[in-house]
Amino acid sequence: DAVYGRTENYVDEDSKIYPTHGYAKMKAEVEKAFQNENYFFVMRLSYVFSWEDSFSRLLFASAQDKKNIEIFHPFLRSVVYFDDVLEYILRFLNSELQAPNLINLGGGSVISRLDIVEAFNTNFSVKYDVVSPSKEFLTFRPDQIFMKSKYFESFMGRSSINVLDRIRSYIIQK
C-alpha cells in the first residue's frame, strides 16, 4: 500500500500512486518496469495481521509481563488477515480463474493499532499509552492509507475476513 502515499479517501487498483519514500518508489519502479509482461502480477499488501507478527507478539508479551507499552495513534491501514493473503495466493496458483495483474490485498475497513489493542483487550489486559507516531517512524510510512480492492471479492468469492472480529473470536477460543 506504500505506493499510494498518504490518502484522505479510499484508493483502489485504478488510483494514481504517489510513492513518497525510497521503499515505495522502488516498488513503483518495479511495477512500471514489468507492467506489460504477461506473467508479472502485483499484490499491493496493506499491513498483514498475523498472530506471529511483531505487533501481536508485543501484545502477548505485554499481557503476560504486565508491562506498559506505547501504541502509535493515529496509524491507519486497511489491515488484511494473514489467512486472506494465504488463500489468495493458493487460489492464484491453483485456480483456472484469471487473476488480475494488479490487486490490492487489504481488509474491508480501515483500522488502527489502537483498535487492535482494544479488540485484544476483550479477553486480555494490555496496559498502554497512546502516543503520536514519531517523525522518524513516519519518514518511511504514511500515517494513513485507505485502500480497497475492486477485485478481491469476485476473485475470492467472499469478502475479506474482519480482522477485529477474528482477534476477538480467536482469543475467546484460547
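For the structure itself, look to the data block above.
Below, the structure is looked at part by part. Values in this document were obtained by computation on a predicted structure and should not be read as measured data.

### Observations concerning the side chain of Ser62
Take Ser62: it is sitting in helix H2 (residues 54–65). Here the side chain of Ser62 touches Lys67 through a polar contact of 2.6 Å, landing on its backbone oxygen. Once residues within four sequence positions are removed from consideration, Ser62 is found in contact with Lys67, Ile69, Val126 and Lys127.

### What to know about the environment of Glu31
Counting through the fold element by element, Glu31 comes out in helix H1 (residues 22–34). Note on Glu31: relative accessible area 11%, which makes it buried. The spacing of Glu31 and Val80 is 49 residues in sequence and 21 Å in space, taken between C-alpha atoms. Discounting residues that sit within four places of it in the chain, Glu31 has contacts with Val3, Phe40, Val42 and Arg44.

### Notes on the nonpolar core
Generally speaking, soluble globular proteins have nonpolar side chains that are buried together. Ranked by internal contacts, the top residues of the largest apolar core, which has 21 residues, are Phe49, Phe55, Leu59, Ile116, Val126, Val163 and Ile167. Looking at this core, the elements that each hand over two or more residues are H2, strand S3 (69–72), helix H4 (113–120) and helix H7 (163–173). In terms of residue count, H4 provides more of this core than any other element does, 5 residues in total. Discounting chain neighbours no more than four positions away, the residues touching Leu59 are Ile69, Ile116, Val117, Phe120 and Val126. Counting 9 residues, the second-largest nonpolar core is a separate cluster that includes Val80, Ala99, Ile103 and Met156.

### Focus: H2
Spanning 12 residues, H2 covers 16 Å between terminal C-alpha atoms, matching the ideal 16 Å at 1.5 Å per step. Residues of H2 that are buried include every one of Phe55, Ser56, Leu59, Ser62 and Ala63, and no others. All buried residues of H2 project into a common sector of 125° when viewed along the axis, lining one side. In H2, those exposed residues whose orientation departs by more than 90 degrees from the buried face are Ser54 and Gln64. Looking at the buried side of H2, the elements it contacts are strand S2 (48–49), S3 and H4. Backbone nitrogen of Phe55 and a side-chain oxygen of the N-cap are separated by 3.0 Å at the start of H2; the cap is Asp53.

What counts, and where the lines are drawn
Along each chain, residue indices are assigned from 1 in the same order as the chain's sequence is written. Note on the predicted model: pLDDT of at least 70 is required for a residue's local features to be given, and 80 or more for side-chain atom pairs to be given and counted; whole-chain, interface and lining totals, by contrast, use all residues. Water and hydrogen atoms were dropped before computing side-chain values, which therefore reflect all heavy atoms in the structure. The helix count covers DSSP runs of H or I at least four residues long, the strand count covers runs of E at least two residues long, and both are numbered beginning at the N terminus. Under this definition, polar contacts are N or O atom pairs within 3.5 Å; protein pairs additionally need one hydrogen-donor-capable and one acceptor-capable atom, and for neighbouring residues in sequence, both atoms have to be side-chain atoms. The contact definition used throughout considers only heavy atoms, calling two residues in contact when any of these lie within 4.5 Å. A simple rule labels every residue: compare its accessible area, found with a 1.4 Å probe on the protein chains alone, to the largest value its type can have, and call it buried under 20%, exposed over 50%, or partly exposed in between. The definition of a nonpolar core used throughout is a set of buried Ala, Val, Leu, Ile, Met, Phe, Trp, Tyr and Cys residues joined through side-chain atoms within 4.5 Å. Multiplying 1.5 Å by the helix residue count minus one yields the expected span of that helix. Working note: the arc is built from the helix axis to C-beta atom directions.

All quantities given are derived from atomic positions and should not be read as evidence of function.
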